[in-house]
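Next come the chains, spelled out residue by residue.
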Amino acid sequence: MNKRYFYLIEIQYLGYRFHGWQKQPKLKTVHLMIDKTMRYIMDGKPFKTLGSGRTDAMVSAQQGAFELFLEDKIEDEVAFLELFNYNLPQDLRALSITEVDKHFNVINASKMKEYVYVFAHGAKYHPFCAPLMTTILDPLDIDQMKLGAKLFEGAHNFKTYCYKPTETGVFNRAIDTCELVENTIFTASFFPEQSYMLRVKGKGFMRNQIRLMMGALIKLGKHEITLEYIQDSLKPESAEVMDYIAPASGLILNAVEFES
């Protein structure tokens, strides 16, 4: 059996024109563009790629990752990365490449993921904001939303915040950090003077979990639900279904930490 080589490649991308990470028939996805570019630069040599996780349509990544499996060793990793970036579309960029061993698994090795959800409220802002920021036209009670965000921290039953949960799903999960703060990470001349972000860190998240949590916070900010509602929705016996999923384009995978 031929020796195989394994590489961790960190990437970032603007998700606005992509239908998420996972390959789908007749749709442009991040994984499709990575494999299409890889196929071109590998010039017929076999390869396989595996993402560290899936992002939904229009969700962006400041730092994502995938694992590359090869039968031939990359002799010059710097040159390989340059060639890969030269051929990738402009809304996708490789940040680094690191050789790993056969025991490394890009999915299982992820020990922490940090997402941010960027938003502004109370006015109609520049259309150029749309790929990175959700605009809520109504005024929001930010102080109340900050209190609500902290309720999600810790170990809870997050079934209310899972899109179409199954009977066999694991809903008891822990969130290490959940806070609503001013947005100081992403700036642009056309951004509103003040914007905010929900910052969430944890081992892993269920389908649409953060967007459903953000949906609850937006409803809280409009005084459509209360802090007690959020507290009750996280209890083991809760059968509540959150009916509002916040728009996808404000969500950004900000960082992924791997086991060393």
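On a predicted model such as this, the values are computed, not experimentally measured, just so you know.

What counts, and at which threshold
- Residues numbered from 1 in each chain as written.
- Predicted model: local features only at pLDDT ≥ 70, side-chain atom pairs only at ≥ 80, totals over all residues.
- Heavy atoms only, no water.
- UniProt positions renumbered as here; feature names shortened; annotations may be inferred.
- Helix = DSSP H or I, 4+ residues; strand = E, 2+ residues; numbered from the N terminus.
- Phe/Tyr/Trp six-rings, centres within 6.5 Å; stacked < 30°, edge-to-face > 60°.
- Buried < 20%, exposed > 50% of the residue type's maximum accessible area, 1.4 Å probe, protein only.
- Lys NZ or Arg CZ within 6 Å of the ring centre and 35° of its normal.
- Axes fitted to C-alpha atoms, helices over the stretch in contact; angles between N-to-C directions.
- Left-handed = near helix turned anticlockwise from the far one by under 90°.
- Contact = heavy atoms within 4.5 Å.
- Nonpolar A, V, L, I, M, F, W, Y, C, P; charged D, E, K, R; others polar.
- Expected span 1.5 Å × (residues − 1).
- Arc of directions from axis to C-beta.
- Polar contact = N/O pair within 3.5 Å; in protein donor to acceptor, adjacent residues only side chain to side chain.
- Core = buried A, V, L, I, M, F, W, Y, C linked by side-chain atoms within 4.5 Å.
- Salt bridge = Lys/Arg side-chain N within 4 Å of Asp/Glu carboxyl O.
- Patch = residues over 30% accessible without salt bridge, like charges linked within 9 Å, V, L, I, M, F, W, Y side chains within 5 Å.
- Areas by Shrake-Rupley, 256 points an atom, 1.4 Å probe, with all protein chains shown as cover.

Visitor: Explain the UniProt feature "domain: Pseudouridine synthase I TruA alpha/beta" (unreviewed entry) in the protein chain here, please?
Guide: Mapped onto the present numbering, the UniProt feature "domain: Pseudouridine synthase I TruA alpha/beta" (unreviewed entry) falls on residues 149-259. Annotated as residues 149-259, this span is 21% helix and 27% strand, and its ends, taken at the C-alpha atoms, are 27 Å apart.

Visitor: I tried to follow the packing of aromatic side chains on my own but got confused; where do I start?
Guide: For any pair of aromatic rings, the description rests on two quantities: the centre-to-centre distance and the angle between the ring planes. Throughout the structure, instances matching the rule amount to 9 aromatic pairs. Centroid distance Phe 152 to Tyr 161: 5.2 Å. Interplanar angle 90 degrees. Geometry classified as edge-to-face. The burial state of Phe 152 is the same as that of Tyr 161; both residues are buried. In textbook terms, an aromatic cluster arises when at least three aromatic residues are bridged by ring pairs, as seen for Phe 66, Phe 80 and Phe 84. The lysine or arginine in question, Lys 48, covers the ring of Phe 69, its NZ or CZ lying 5.6 Å from the ring centre.

Visitor: Whenever I open this one, the packing of helix 3 (residues 142-151) against helix 4 (residues 209-221) confuses me. Can you help?
Guide: The description of two helices packed together rests on the angle between their axes and the distance between the axes. At a minimum axis separation of 8 Å, helix 3 and helix 4 run at an interaxial angle of 145 degrees. Here the hand of the crossing between helix 3 and helix 4 comes out right-handed. Contact with helix 3, carried on its side by Gln 144, Met 145, Gly 148 and Ala 149, involves Met 214, Leu 217, Ile 218, Leu 220 and Gly 221 of helix 4 and no other residues of that element. Its residues assigned to classes, the contact of helix 3 with helix 4 comprises 6 nonpolar, 3 polar and no charged.

Visitor: Got a minute to help me understand helix 1 (residues 30-42) in this structure?
Guide: Because the α-helix completes a turn every 3.6 residues, residues three or four places apart line up on one side. Along its 13 residues, helix 1 runs 18 Å from first to last C-alpha, staying within 8% of the 18 Å computed at 1.5 Å per residue. Residues Val 30, His 31, Met 33, Ile 34, Asp 35, Thr 37, Met 38, Ile 41 and Met 42 constitute the buried set of helix 1. Among the structural elements, strand 1 (5-13), strand 2 (47-51), strand 3 (60-70), helix 2 (77-87) and strand 4 (92-100) are those in contact with the buried residues of helix 1. Count one or two residues on from helix 1 and you reach Asp 43, which has phi positive near 50 degrees.

Visitor: Is there a simple way to explain helix 3 in this structure?
Guide: All of the buried residues along helix 3 are Ile 142, Met 145, Gly 148 and Ala 149. The buried residues of helix 3 occupy an angular sector of 110 degrees when projected down its axis, which confines them to one face. On its buried side, helix 3 packs onto strand 5 (110-121), strand 8 (172-182), strand 9 (196-202), helix 4 and helix 5 (227-233). With a side-chain oxygen lying 3.4 Å from the backbone nitrogen of Asp 143, the N-terminal cap of helix 3 falls on Asp 141.

Visitor: Hey, could you run me through the nonpolar core in this one?
Guide: In summary, soluble globular proteins display a tendency toward joint burial of nonpolar side chains. Formed by 74 residues in total, the largest nonpolar core has its most connected members in Phe 152 and Tyr 161. Looking at this core, the element that brings in the most residues is helix 4, giving 8 residues. Not counting residues up to four positions away in its chain, the partners in contact with Phe 152 are Phe 158, Tyr 161, Ile 175, Cys 178, Met 213, Ala 216, Leu 217, Ile 230 and Leu 234. Counting residues in each nonpolar core, the second largest holds 9 residues, with Ala 120, Cys 129, Phe 191 and Ile 252 among its members.

Visitor: Can you help me understand the environment of Ser 238 in this one?
Guide: Positionally, Ser 238 belongs in the loop between helix 5 and strand 10 (251-258). A residue is classified by how much of its surface remains accessible, and Ser 238, at 14% relative accessible area, is buried. Setting aside anything within four residues of it in sequence, one finds Ser 238 in contact with Asn 157, Thr 160, Asp 232 and Ser 233. For Ser 238, the side chain forms a polar contact with the main-chain nitrogen of Glu 240, separated by 3.3 Å.

Visitor: What am I meant to see in the UniProt feature "active site" (unreviewed entry) in the protein chain here?
Guide: UniProt's feature table lists "active site" (unreviewed entry) at Asp 56, given in the numbering used throughout. Mapping Asp 56 onto the fold places it in the loop between strand 2 and strand 3. Those residues within four positions of Asp 56 in sequence are excluded, and the remaining contacts are Gly 20, Asn 208 and Arg 211.

Visitor: Honestly, the pattern of salt bridges in this entry has me stumped. Any pointers?
Guide: Oppositely charged side chains are able to pair whenever their charged atoms sit close together. Considering all chains together, one arrives at 11 salt bridges under this definition. Put simply, Asp 232 and Lys 235 hold a salt bridge, and the shortest N to O gap is 3.0 Å. Via salt bridges that share partners, Glu 114, Glu 179 and Arg 199 belong to a single interconnected network.

Visitor: In this structure, what is going on with the environment of Leu 50? I would like to understand it.
Guide: Within the secondary structure layout, Leu 50 lies in strand 2. Judged by its relative accessible area of 27%, Leu 50 falls in the partly exposed class. Separated by 15 residues in the primary sequence, Leu 50 and Ala 65 place their C-alpha atoms 8.8 Å from one another.

Visitor: I tried to follow a nonpolar patch on the surface on my own but got confused; where do I start?
Guide: Judged by side-chain polarity, Leu 14, Tyr 16 and Met 58 come together as a nonpolar surface patch covering roughly 230 Å² of accessible area. In this structure, Met 58 sits in the loop between strand 2 and strand 3. Using a relative accessible area of 30% as the deciding quantity, one classes Met 58 as partly exposed.

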